[in-house]
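For reference, the chains in residue letters:
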Amino acid sequence: MVKEKTISGWIRDRRFSLRGKMILLISLLIGAASLLFAFLLHDLISDTIEDQVGKRALGIAHSVAEIPELQDAFALENPAAVIQDIVTPILEKTEAEFIVVGNREGIRYSHPDPEKIGGEMVGGDNERALRFGESYISKKRGTLGLSIRGKVPVYHEGEIVGVVSVGILNDSVQTLIEQKARSLWMTLGIVLLIGIVGAVLISNYIKRLLGNKEPEEISDLYTRQEAILQSTHEGILATDGDGRITLINTAASEILNGSSDAVLGGSVRRLLPQNIELGRSYQGKEMVLGNQTVLANQTPISESGAYAGSVITFQRKSEIQKITEELSRIRQYANAQRAQTHEHSNKMHIILGLLMNGRPDEAIDYIRKENNAQHSQLKFLEDRLSDPLIQALLQGKQIRAVELGVTLSINPDSRLSHEFSEVRQDAVLTALGNVIENAFDAVRGKAGGERAVSVYFTDLGNDVLFEVEDTGGGVAPGSFKHLFEQGFSTKYGEGRGIGLALSRQSLTEVGGEITYEEGEAGACFIISIPKEEEEDS
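Residues numbered from 1 in each chain as written. Predicted model: local features only at pLDDT ≥ 70, side-chain atom pairs only at ≥ 80, totals over all residues. Heavy atoms only, no water.

A. Up close: the packing of helix H12 (residues 422-444) against helix H13 (residues 499-509). Where H12 meets H13, the axes come as close as 9 Å, and the angle between the chain directions of the two elements is 155°. Here H13 runs roughly antiparallel to H12, going by the angle between their axes. With respect to the hand of their crossing, H12 and H13 are arranged in left-handed fashion. Contacts between H12 and H13 pair Ala427, Thr430, Ala431, Asn434, Val435 and Asn438 from the former with Gly499, Leu500, Leu502, Ser503, Ser506 and Leu507 from the latter. For the contact of H12 with H13, the class distribution of residues is six nonpolar, six polar and no charged. (Axes fitted to C-alpha atoms, helices over the stretch in contact; angles between N-to-C directions. Helix = DSSP H or I, 4+ residues; strand = E, 2+ residues; numbered from the N terminus. Parallel < 35°, antiparallel > 145°, perpendicular 65-115°, else oblique. Left-handed = near helix turned anticlockwise from the far one by under 90°. Contact = heavy atoms within 4.5 Å. Nonpolar A, V, L, I, M, F, W, Y, C, P; charged D, E, K, R; others polar.)

Here you go:
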């Protein structure tokens, strides 16, 4: 058994291009519509022509029935002799193919064939005219064949005395219909040809609009782009020229959770702050969307030189800060490791030199001395500081200070036994590491004098305090109010103005704070975190 296939299935199996599919389908559509229209119009034309022919026949019949001489002839002994002479000239001048006049019994008084005069009229459609006096059109078969007839009663002195039947043969009518139909089919053929040409032009235009890609390629591309869009961690919104949302990804919906306008067709103007303009490009702009603080970017879209919409991308500021904290901590760890490696390399070279010069005793004394110094520092931190990560941070900073030629001292009165939660521990490590690094930078830039940084920590009282003081000369009074703003720095170079702002943000999130005071010879930063909140959390 042969499996039947639909047109669409056949086209799909043939692997037609988009252009070929569109030309074929549009042509088939136009052809089917034209064919249906042709059949309907053909029926309409047939009915119209038959109606017109019938009315023409009825009109001639009325004219003949109203001739006085014809009406008076019915009273003669031989009506046929007079009536045939009256009807024959009329038949020759009209398009009718027969004019038959009969009496009330249906006996012919006139006929195109004189031999049929006196015979009975054929068709059986005279009753309405002879009995009820109606004028009407009928389609019946007579002696000359199937014809369309106009039937009109003949009156004489107010009484029905006969009937006039004027007919046009159906063959003549069909010939007329065929002539009209030929014109119709020619017109529809031209329409179909124009439709095919139009299908070619339309398919070429659409193909160009689609970048000459096939539907399968477009579908695959859309699927991939949608997957990329929805898997992107950054929130993405696209708008049209009127500010309506035309695209929103999952991340944007999550960030804007709870906002009724964060849907397709919603107004982006209700989501953005009032001072933000659509159509203006910006990068890294801080704003509040929903109940989240984000950093947003906007790229306008233009079409033919006119504004057509925007693409807005944004990410939670807290996430960016966490990444920055992690990078800052990694950088501090890398610096400490580099300093430790450098110091270890220097010591190894000293020991190697002593051994090569035949001084093993001095080498052993040097090793013992360095070991005692490291053990003493480590013992001090272990005894005075219970947090192992803060211990490791300060130990690494001591090694880095040696590499930089800076003296880093820890106040002997320092003591800290309080245990931090993981979140507060991260905040302390971020802030303390950044402040000590800033202190190193401050004293390294000092032209002369002592290059020293001191650290003091305590958990006496209600707060845990860390104090970092340097001899770098301090901060200019006019810079106090900008000291903790992101991007502000008293030093030159790229990537500055992040550490203190990040430290303040980290401490604020856990209920702490960082303040600046003028030290004896430089800057003094104080980090504080309340202990009561720590215990309640």
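Moving on from the model shown.
B. Looking closely at the pattern of salt bridges. For the structure shown, the criterion picks out 10 salt bridges. Put simply, Asp242 and Arg244 hold a salt bridge, and the shortest N to O gap is 3.4 Å. Since its relative accessible area comes to 53%, Asp242 is described here as exposed. The shortest N-O distance in the salt bridge between Arg400 and Glu437 comes to 3.1 Å. With a gap of 37 residues between them, Arg400 in helix H11 (residues 388-404) and Glu437 in helix H12 connect regions that are remote in the sequence. Here Arg400 falls in the buried class, since its relative accessible area comes to 8%. By relative accessible area, Glu437 is classed as buried at 10%. Connected via shared salt-bridge partners are Asp125, Arg149 and Lys151. (Salt bridge = Lys/Arg side-chain N within 4 Å of Asp/Glu carboxyl O. Buried < 20%, exposed > 50% of the residue type's maximum accessible area, 1.4 Å probe, protein only.)

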